[in-house]
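# Chains, contacts and geometry: an overview
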Amino acid sequence: MELLVTYDVDTTTPDGARRLRRVAKVCEAYGLRVQKSVFEIVCSDVDWMIMKKRLLDVIDGDQDSIRVYQMNAGALGRAQHLGRSPEAPHGAPLIY
């Protein structure tokens, strides 16, 4: 499954800043950061269920927003890159 994950976390408080870092860490465990609050993720259905649970445990549902777009297979590889936007190596391991 291919996902595009975007998030907006309220960082007006120290707790919000912590939530922002935690959301980013969860996303980094599953995919590639392509912009500050945007991740491209290739995962299994089970990984998505685990990731979703982890994100729900982190965010404040009254203040934060996460949007997840499920893409057709191969859609992330067909993304057009304009400006300073390197191509994401989805086939490479996430641990360097």
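Residues numbered from 1 in each chain as written. Predicted model: local features only at pLDDT ≥ 70, side-chain atom pairs only at ≥ 80, totals over all residues. Heavy atoms only, no water.

## Focus: the packing of aromatic side chains
Each aromatic ring pair is characterised by the separation of its centres together with the angle its planes make. A full pass over the atoms with the stated rule returns one aromatic pair. For the ring pair Tyr7 and Phe39, a centre distance of 6.2 Å and an interplane angle of 25° mean the geometry is stacked. Taken together, the residues Tyr7 in strand S1 (residues 2–8) and Phe39 in strand S3 (residues 38–42) connect sequence positions 32 residues apart. We classify Tyr7 as buried; its relative accessible area is 7%. (Phe/Tyr/Trp six-rings, centres within 6.5 Å; stacked < 30°, edge-to-face > 60°. Helix = DSSP H or I, 4+ residues; strand = E, 2+ residues; numbered from the N terminus. Buried < 20%, exposed > 50% of the residue type's maximum accessible area, 1.4 Å probe, protein only.)

## Brief notes about the sheet that holds strand S2 (residues 31–35)
Strand order in this open sheet of four strands is S2-S3-S1-S4, and the pairing throughout is antiparallel. Either end of the sheet is taken by a strand with one partner, and the two such strands are S2 and strand S4 (65–71). Strand after strand, the sheet turns through a mean of 25° between neighbouring axes, direction not considered. Here S1 runs beside S4; their pairing, made up of seven bridges, is antiparallel. Each bridged residue has a counterpart across the sheet, and for Tyr7 the counterpart in S4 is Ile66. Strands in contact with helix H1 (residues 14–28) are S1, S2, S3 and S4; relative to S1, the strand with the most contacts, it is inclined by about 170°. (Pairing = 2+ DSSP bridges. Axes fitted to C-alpha atoms, helices over the stretch in contact; angles between N-to-C directions. Contact = heavy atoms within 4.5 Å.)

## Thoughts on the pattern of salt bridges
Enumeration according to the criterion identifies six salt bridges in this entry. Across the salt bridge formed by Arg19 and Asp15, the nearest N and O atoms sit 3.0 Å from each other. In this pair, Arg19 and Asp15 both sit in helix H1, four residues apart, roughly one turn of the helix. When its relative accessible area of 5% is taken as the criterion, Arg19 is described as buried. Among the residues examined, Asp15 registers a relative accessible area of 37% and is labelled partly exposed. (Salt bridge = Lys/Arg side-chain N within 4 Å of Asp/Glu carboxyl O.)

## Observations regarding the UniProt feature "binding site: Mg(2+)" (unreviewed entry) in the protein chain
Here, UniProt's "binding site: Mg(2+)" (unreviewed entry) annotation points to Asp8. Looking at Asp8, the relative accessible area reads 55%, which means it is exposed. Ignoring sequence-local partners within four residues, the contact set of Asp8 consists of Gln63, Asp64 and Ser65. (UniProt positions renumbered as here; feature names shortened; annotations may be inferred.)

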